[in-house]
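Examining the three-dimensional arrangement
Here is how the chains run, residue by residue.
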Amino acid sequence: MKPLHQRFQLYHEGNDSYIFVPAGESANAQSLTIDRSSGAIILNPPGMSLPLNVRRSGKPVYGILGVISLSMSEYVVIITGRELRGRISGHDIYRATDFDILPLNPNITIQHPPHPVEGHLLALLRSHLATGFFLFSYGWDLTRRLQAQWNTRAEDQTKAFWQVADDRFFWNRFLQTRLIESNVKQDLDAYILPIVYGTFDIRPVFVQGRHFQLALVSRDGDGHVANFNETEQMLFIEMPNATAPHSGDEFASKLSFVQIRGSVPLYWAEVNNLRYKPDLQVMDLPDTADVMKLHLLEQVSLYGEQILVNLVNHKGYEQPVKDAYERYITQLNLPNVRYEYFDFHNECKKMRYDRISVLIDSVKEDLERQGYCHLNAGDREAQQLQRGIVRTNCMDNLDRTNVVQGTIAKWTLNKQLQSLGIIASGSTIDDYPKLSADFREMWADHADSIAKAYGGSGALKSDFTRTNTRTKKGLLEDGVKSTVRYLKNNYFDGPRQDGFDLVTGTWVPRKGPTSSLFLVTDGRPLVTRSMPLVAFFSMFMICAGLTLPRTSEYSLFYYFLLWITLLTVANGYMLINGIDFVSWPKLLPPTDVIYYNGPGFRSARNGMGLGGAKDLKVAVDKTAKWLNGGRVHVRQGSKLTEGDIPLELIKKRVD
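An account of the accompanying structure is given in this report. (Residues numbered from 1 in each chain as written. Predicted model: local features only at pLDDT ≥ 70, side-chain atom pairs only at ≥ 80, totals over all residues. Heavy atoms only, no water.)

1. A look at the overall build of the protein
- Each helix and strand counted, the protein has 18 helices and 20 strands in total.
- Relative to its length of 655 residues, the protein is compact, with a C-alpha radius of gyration of 27 Å against a globular reference of 26 Å.
- In terms of principal-axis extent, the alpha carbons of the protein reach across some 90 × 70 × 55 Å.
- Across the 655 residues in the protein, those meeting the buried criterion constitute 57%.
- Restricting to contacts in the protein with at least 6 residues of sequence separation, those with at least 24 account for 68%.
- When the accessible surface of the protein is split by element, carbon and sulfur atoms take 56% of a total near 27,300 Å². (Helix = DSSP H or I, 4+ residues; strand = E, 2+ residues; numbered from the N terminus. Rg over C-alpha atoms; globule rule 2.2 N^0.38 Å. Buried < 20%, exposed > 50% of the residue type's maximum accessible area, 1.4 Å probe, protein only. Contact = heavy atoms within 4.5 Å. Areas by Shrake-Rupley, 256 points an atom, 1.4 Å probe, with all protein chains shown as cover.)

2. Digging into the packing of aromatic side chains
- Within this structure, the stated rule accounts for 24 aromatic pairs.
- Ring centres 5.6 Å apart and planes at 25 degrees place the aromatic pair Tyr 94 and Phe 136 in the stacked group. Taken together, the residues span a long stretch of sequence, with Tyr 94 in strand β8 (residues 91-103) and Phe 136 in strand β9 (residues 134-136) at a distance of 42 residues. The exposure classification of Tyr 94 matches that of Phe 136, with both residues buried.
- Taken together, a centroid distance of 6.4 Å and an interplanar angle of 80 degrees make the contact between Phe 342 and Phe 344 edge-to-face. This pair shows no difference in class: Phe 342 is buried, exactly as Phe 344 is.
- Ring pairing ties together the aromatic residues Phe 99, Phe 134, Trp 171, Tyr 197 and Phe 500, which thus form one cluster.
- Lying over the aromatic face of Tyr 94, Arg 82 brings its terminal NZ or CZ to 4.3 Å of the ring centre.
- One cation-aromatic arrangement involves Arg 153 over Trp 150; the distance from NZ or CZ to the ring centre is 3.6 Å. (Phe/Tyr/Trp six-rings, centres within 6.5 Å; stacked < 30°, edge-to-face > 60°. Lys NZ or Arg CZ within 6 Å of the ring centre and 35° of its normal.)

3. A look at the nonpolar core
- Ranked by internal contacts, the top residues of the largest apolar core, which has 40 residues, are Val 207, Phe 212, Leu 214, Leu 235, Phe 344, Leu 417 and Leu 435.
- The leading source of residues in this core is helix α10 (residues 399-419), at seven residues.
- Discounting chain neighbours no more than four positions away, the residues touching Phe 344 are Leu 311, Tyr 353, Ile 356, Arg 400, Val 403, Val 404 and Lys 461.
- Judged by nonpolar contacts, the second largest core, of 38 residues, contains Leu 4, Val 117, Tyr 138 and Phe 518. (Core = buried A, V, L, I, M, F, W, Y, C linked by side-chain atoms within 4.5 Å.)

4. So, the sheet that holds strand β14 (residues 268-271)
- Read from one edge of the open sheet, three strands run β14-β15-β20, paired in antiparallel fashion. The outermost strands of the open sheet, each flanked by one partner alone, are β14 and β20 (600-602). In this sheet, neighbouring strand axes are inclined to one another by 15 degrees on average, regardless of whether the strands run parallel or antiparallel.
- Relative to β20, strand β15 (residues 279-283) is paired through three bridges, and the arrangement is antiparallel. Bridge pairing in β20 places Met 283 opposite Gly 600.
- Each of β14, β15 and β20 is contacted by helix α7 (residues 319-332), which is oriented at about 15 degrees to β15, the strand it contacts most. (Pairing = 2+ DSSP bridges. Axes fitted to C-alpha atoms, helices over the stretch in contact; angles between N-to-C directions.)

5. Considering helix α6 (residues 288-303)
- Given a rise of 1.5 Å per residue, 16 residues ought to cover 22 Å, and the 23 Å separating the end C-alpha atoms of α6 matches this to within 8%.
- Buried within α6 are the following residues: Thr 288, Ala 289, Val 291, Met 292, His 295, Leu 296, Gln 299, Val 300 and Tyr 303.
- Gly 304, located one to two residues past α6, shows a positive phi value of around 100 degrees. (Expected span 1.5 Å × (residues − 1).)

6. Details of the packing of helix α9 (residues 357-370) against α10
- At their nearest, the axes of α9 and α10 sit 12 Å apart, and the two run at 50 degrees to each other. Considering the angle they form, α9 stands oblique to α10. In this structure, α9 crosses over α10, and the sense of that crossing is right-handed. Contacts between α9 and α10 involve Leu 359, Ile 360, Lys 364, Leu 367 and Glu 368 from the first element and Val 404, Thr 407, Ile 408, Trp 411 and Lys 415 from the second. (Parallel < 35°, antiparallel > 145°, perpendicular 65-115°, else oblique. Left-handed = near helix turned anticlockwise from the far one by under 90°.)

7. What about the pattern of salt bridges?
- The final tally for this structure, using the stated rule, is 34 salt bridges.
- Across the pair Glu 230 and Arg 168 runs a salt bridge, and its minimum N-O distance is 3.7 Å. Here Glu 230 is found in strand β12 (residues 229-238), whereas its partner Arg 168 is found in the loop between α4 (161-164) and α5 (177-182), with 62 residues between them in sequence. For the pair Glu 230 and Arg 168, one class covers both residues: buried.
- Salt-bridge contacts for Arg 338 lead to Asp 366; the nearest nitrogen and oxygen are separated by 2.4 Å. Of the two residues, Arg 338 is situated in strand β17 (residues 337-341) and Asp 366 in helix α9; the sequence distance between them amounts to 28 residues.
- A relative accessible area of 29% means that Arg 338 is categorised as partly exposed. (Salt bridge = Lys/Arg side-chain N within 4 Å of Asp/Glu carboxyl O.)

8. Overview of helix α13 (residues 472-491)
- Helix length check: α13, at 20 residues, gives a terminal C-alpha distance of 29 Å against a target of 28 Å (1.5 Å per residue), a fit within 8%.
- All buried positions along α13 are accounted for by Gly 474, Asp 478, Lys 481, Ser 482, Arg 485, Tyr 486, Asn 489 and Asn 490. One face of α13 carries all of its buried residues, which in axial projection span an arc of 150 degrees. Of the exposed residues in α13, those oriented more than 90 degrees away from the buried face are Lys 473, Leu 476 and Val 480.
- Where α13 is buried, its residues touch α10, α11 (433-454), α12 (462-467) and α14 (493-503). (Arc of directions from axis to C-beta.)

9. Some thoughts on the sheet that holds strand β3 (residues 32-35)
- One open sheet holds the five strands; their spatial order is β4-β3-β2-β1-β5, and the pairing between them is antiparallel. Either end of the sheet is taken by a strand with one partner, and the two such strands are β4 (41-43) and β5 (55-61). Ignoring which end each strand starts from, the neighbouring axes of this sheet average 20 degrees apart.

10. So, the environment of Tyr 486
- You can see Tyr 486 is positioned in helix α13.
- Among all residues touching Tyr 486, those that are not within four sequence positions of it are Leu 274, Arg 275, Tyr 276 and Tyr 491.

Shown next as C-alpha cells:
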C-alpha cells in the first residue's frame, strides 16, 4: 500500500490557513494547506517554502482525523498524542490519546464558542474523543482481518491505505469525507489515516522452546445491528531457530481466528423508564423477515457459513426475544446458517462456568469444519482459510457473550498450537501458566473495554475470564458494576449516543444554530423540571432536621411529615413519568420506538404517566417536543437508510 505520513508540523498563517508539513521526510515532501475562509484543501508543490508570517504550533501532529461541520463552522480534528500499544509484523500500533480541534471560521475560538448550540456540539465532539479507544497504524490495516488482507494482497500494493480499508470499521470515514473528495484532482492519499474504534493487545510468549506472539484485536463497526463487533485472535509463530522474540515480519507462520457479535437481528428495544429493569419491546414489522435475511446473507458473503449462538434466557423477561428470533430463523431457513441455542444462565448456575463445555461440544464439528486462517512464510497458497464464523449474542452482547467468545477462542488456540506441534495433542494452554495467564488477561481486558464502550462499566463475570473461576468476590464486583450501568444508562447515556451519531455522520447539523436550539433548552413542563429539585431539597431538609434540637417533638413531627411527603410526591411523580427523566439522545430521539403500539410484544408501559400513555399520539408529541423540537425521527440502524436493522436503542441490560 502507499505510505502514510507519520508526523507533521503544524503552522498557522494568521487567520488565513493551517499548513501541515510532513516531518522527518525529504525536502520534496508535499505540505497540505487548509484555507480557513473557503475551506479549500490544497496539496502544495514539492519543496514549497513557508510564508514569512506563519506561526509554528508547539504540538506535534500524528495524523488528521478529519473535518467536521457543526452549526457555525467547520473544524479540523488532529491527533496530537499517541501511545504505542505494540507491533504487528513490524508495524507499530498506536492508540490516539490527545486531540486538538481547529476552527476554520477565524471568528470562532474553541474555548469561547459564540453560541450555546455550537458549544454543546463541540462538547459532544470533545467527550467522544476523550472517552473513545481509537487505534491506528501507518503500516498495518487494522480495519481488516489477516485473511482479508491475504486475499487482496496483490491488488492492494498500488492502492492507498484508505482505499483498502473496510468501511464497516473505518471509524472516521465520515470525518475524512472532505479529504477524500478533495483527493479527486490531487493526491492526498498520504494524509488520509483510517482510525479503528476497538481494542488491541499483543504479548510475547515462550512455550516448549518456541517464541511466538499472541494478539487480540476487536473492531466496533456498522453491522446493521446494535453492538456489532468483530474480534480477531492472531498468532505469529517465529522461526524454530529464533533465540528471542523480535518485532519484525519474519515469522514462520501467521494464524488468525475471527468471531463476531451483534444484537439479535430483530426490531426490538429495551425502553428505559428509571426502573432497574427496562420495558422489553419486540416489534413485529412487515419487513422483519426481509431485513433479517439481508443481514444474515451479508454476513455469509463476508465470512462464510454462520453459526448463530444465542445465549438469551429461555424463560422470564428475555423469552419474547428468544421466541421471536427462533420463529424468524425457522421461517427463513437460510442455507449456510445454523442456529445453536445455549441456555447460559441455566447451564452455568451456581457459578458452574465449566458447563460452557456443553456448548463447545455442540459446535465442535462446526468449528473444525470452519477452521481458521493459517499462512506459512514463503508459501504462495494459504495452509488453510477460515470458511465460516460463529456469531454470538446475548441481550446486550457484553457479559455472557464475552465469556463464550473467550472460551471458543481458547478451544481454537489449543487446536492451533497442537497442529503446529508446539504443545502435545493432549495438552492445553492451561498446562502453561504464563501463557494461560496472558490469554485470560487479554480477553478480560478486551471484555472490559467493550463493556465500557457500550454499557458504561467494566464487564460482568470478568473474574471467570481472568482466573478461570467464578468467585463470590466477583459477584460483589458485578453488583457494583450493575449499579454503575443503571445510573449511567438512565441518567447519562443520551450525550454519549449523541457523540457517536455526530462523529459518524448519522446526524448532520444544519447551518445556523437556531434550528438546533432544542439541544440547549429544556422543553419539559415546569412541574416536570422542578421535581428533581424538590426531591433533592426535601432530602436536604430531612437531613438538616436531624440536627435540630429536640425542643418540641410536636413541631418536629410536622416538620418531617412535610418534607417526607414532598420527597414521596416528587419521587412518585418521577417514577410514574420516568420516560421524561431518562437521558435520551437528543440528536435522534427514539420517540417512535418508545411509544410503539403496533403488533409484537411489550412487557409494560412504565414511566408514561398514570394512564400508561393511553393516548399515544399525545404522549409522542409531548416527548418529541422537548427532545428534538417537535420532530419525530425513525432510527433504522446506525445510518438512516432503507433496509437497515434498527439499533437496539437502549443498550442497558445487566447480564
